[in-house]
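Structure at a glance
Residues per chain, in single letters:
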Amino acid sequence: MEYREKKFKGAGENGKKSWKKENAGRNGNNGRNVNGKTERNSGRKETQNFVSGTEKRNGRNYGNQDKSVEKKLGYIDEKLEKKYGGAWNPTGEKNVNAGDKKKAASAAKRQDDRKTAHVRGKNASVQAEAKTERKKSLCPHFKTCGGCQYLDMPYEKQLEHKKKEVSDLLRPFCRVEEIIGMDDPFHYRNKVHAVMARDRKGRIISGVYKEGTHTVLPVETCLIENKKADEIIGTIRELLPSFKMKVFDEDTGYGFLRHVLVRTAHATGEIMVVLITASPVFPSKNNFVKALRKVHPEITTVVQNVNGRDTSMVLGEKEHVLYGPGFIVDVLCGKKFRISSKSFYQINPVQTEKLYNLAIEAAGLTGKETVVDAYCGIGTIGIVAASAAKEVIGVELNKDAVRDAVTNAKANGEKNIRFYNNDAGKFMVQMASQNAHADVVFMDPPRSGSTEEFMDAVAILNPDRVVYVSCNPETLARDLAYFKKKGYRTEKAWAVDQFPATSHVETVVLLSKGMVDSRKVKVDFSLEDMDLSEFKGKATYEQIKAYVLEQTGLKVSSLYIAQIKKKCGLDVGENFNLAKSENARQPKCTPEKEEAIMQAFKHFGIV
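Residues numbered from 1 in each chain as written. Predicted model: local features only at pLDDT ≥ 70, side-chain atom pairs only at ≥ 80, totals over all residues. Heavy atoms only, no water.

Attention now moves to the packing of aromatic side chains. Per the counting criterion, the structure on display carries six aromatic pairs. Residues phenylalanine 256 and phenylalanine 282 carry aromatic rings whose centres are separated by 5.1 Å and whose planes lie at 70° to one another, so their mutual orientation is edge-to-face. With phenylalanine 256 in the loop between helix H9 (227–239) and strand E8 (257–264) and phenylalanine 282 in the loop between strand E9 (271–277) and helix H10 (285–295), this residue pair connects regions lying 26 residues apart in the sequence. Residue phenylalanine 256 shares its accessibility class with phenylalanine 282, and that shared class is buried. Ring plane angle 50° and centroid distance 5.9 Å describe the contact between phenylalanine 282 and phenylalanine 288, whose orientation is recorded as tilted. Members of the aromatic cluster, each reached through a chain of ring pairs, are Phe243, Phe256, Phe282 and Phe288. Its end group placed over the ring of phenylalanine 248, arginine 258 keeps NZ or CZ at 4.2 Å from the ring centre. (Phe/Tyr/Trp six-rings, centres within 6.5 Å; stacked < 30°, edge-to-face > 60°. Helix = DSSP H or I, 4+ residues; strand = E, 2+ residues; numbered from the N terminus. Buried < 20%, exposed > 50% of the residue type's maximum accessible area, 1.4 Å probe, protein only. Lys NZ or Arg CZ within 6 Å of the ring centre and 35° of its normal.)

Structural data, given as structure tokens:
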């Protein structure tokens, strides 16, 4: 070594530089470009040597851990000052002569990292690398998209977390059974929506809005979306330039293609592509569809949806079928369902079958019940339940979904089901005002939950059981508390993981007619065993109702009792309002119920 050192240094200044370069190379250091010049540093090796207890330079030991940390850090300062020149001083502050502010700050951070390594006796660079490896997500868009909050959580932990969330919220009401999970919790979404836009370089992108913004995040593949749907959206993105088709710009209001929606049928494999455009005029639409189907012949229908409004809503009112029938057909619980672009249909078909079978089992149908399927969508729950019930009434506000529901009932040969295009809450109130009766009510409201108006109507109808299918446990708990005030008791609850990798969970709850106040004790008794002699001639409305139900099995309202009292010339009571005129529109008591009420009057000595 001494010979080689003399050889290099004997060549003057250039020889000294060559010696430093040669010596650095022999220590196994890596090359680094600093200010346009290639230098060799031994930062990583030096740090490792400090950690192991010795500092090695030029193959020799210069101290061990017994030496002061400050001396070692001073050496680092010296090396960094050599490397960065005026851009560095031991405090890491910027120098007025330095144009390398970022390099100085970076060097300061590296020094802090090395200090941490000395104090803790660990290699900071290795530690940071391991931390990065641990935090590496399954999806590159995990932090910016916001759609899959639990994606990097092991699936068993996801289920535990969701079960705990539902159990905590429903603890005041009932026990929650084991949560029902998926065997394969990936690529389950049968409905995929992509926003079309351009990035800063003018390139066409498709993806989703960043959480809480209207900034488009380019996404080509998603771990919870149907793979084929992602491929189709990618093909559409590639076809746009060749057809000179511009994507819509939300800021300027110009452009043509706003969104792409792909719906897939899990059982049949049918695929619908919906192109949401800002204008009804679609140049070369036939050629575009032909080019798209050339790449993806599995597409069974293509629909153009026109949305020219300045709105955050994805779909517009008008549609044009460009290819195929304009809908797809899927099979769920052995029943066929027609799905249009606007129809509500559960996005996870595998879990939906488990969810609906669980709901119908909870209802305990025997074939004698009248069932109301509120918020029925395209009639899925009602049609599946129709074969086990006497009669089913479906209510849905979306007219397109109602049209599909009617078609679905005919396709499945279900003749004991009727559908109404109405708000579920208003319909139930109207139904109750006509003294109609339901034995079981299925309700599957949106995330916002049900309304007090609807739940009031349910209480008036007085069904034996209510099966509540919820996609939001928070609003579910709120509604269960209101049902409790109306005299309904929560019997059981089941959690179903309908949306793996997200924080959302579906819940099925069975309610039955119970006591209004949990402090009261429910007692079974027979009116025949009671001594009612002292109450003769002054029975209450509730006593009359109870007697009629006990003796005849008929349910009569206070209105009917008041009508018969008035007919007999009896006082109806100060707080009961009858119609002011004979022609007023009010439900009339049937002859059968009138006879039952008269029997009660005689029993209580009223007549």
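All right, on to the packing of H9 against H10 then. Remark: H9 packs on H10, axes separated minimally by 10 Å, with the N-to-C direction vectors making an angle of 135°. Accordingly, the angle class assigned to the pair H9 and H10 is oblique. As H9 packs across H10, the resulting crossing turns out to be right-handed. Of the residues in H10, those in contact with Ile232, Thr235, Ile236 and Leu239 of H9 are Phe288, Ala291, Leu292 and Val295. (Axes fitted to C-alpha atoms, helices over the stretch in contact; angles between N-to-C directions. Parallel < 35°, antiparallel > 145°, perpendicular 65-115°, else oblique. Left-handed = near helix turned anticlockwise from the far one by under 90°. Contact = heavy atoms within 4.5 Å.)

Here seven strands make up an open sheet; going across it, the order is E7-E6-E5-E8-E9-E10-E11 and the pairing mixed. The outermost strands of the open sheet, each flanked by one partner alone, are strand E7 (216–218) and strand E11 (318–323). Ignoring strand direction, the axes of neighbouring strands in this sheet form an average angle of 35°. Relative to E9, E8 runs antiparallel, the two being bridged by seven bridges. Bridge assignment links histidine 259 to a residue of E9, and that residue is isoleucine 276. Contacts between H9 and the sheet are confined to strand E5 (191–198), strand E6 (204–209), E8 and E9, with E8 contributing the most and set at about 150° to the helix. (Pairing = 2+ DSSP bridges.)

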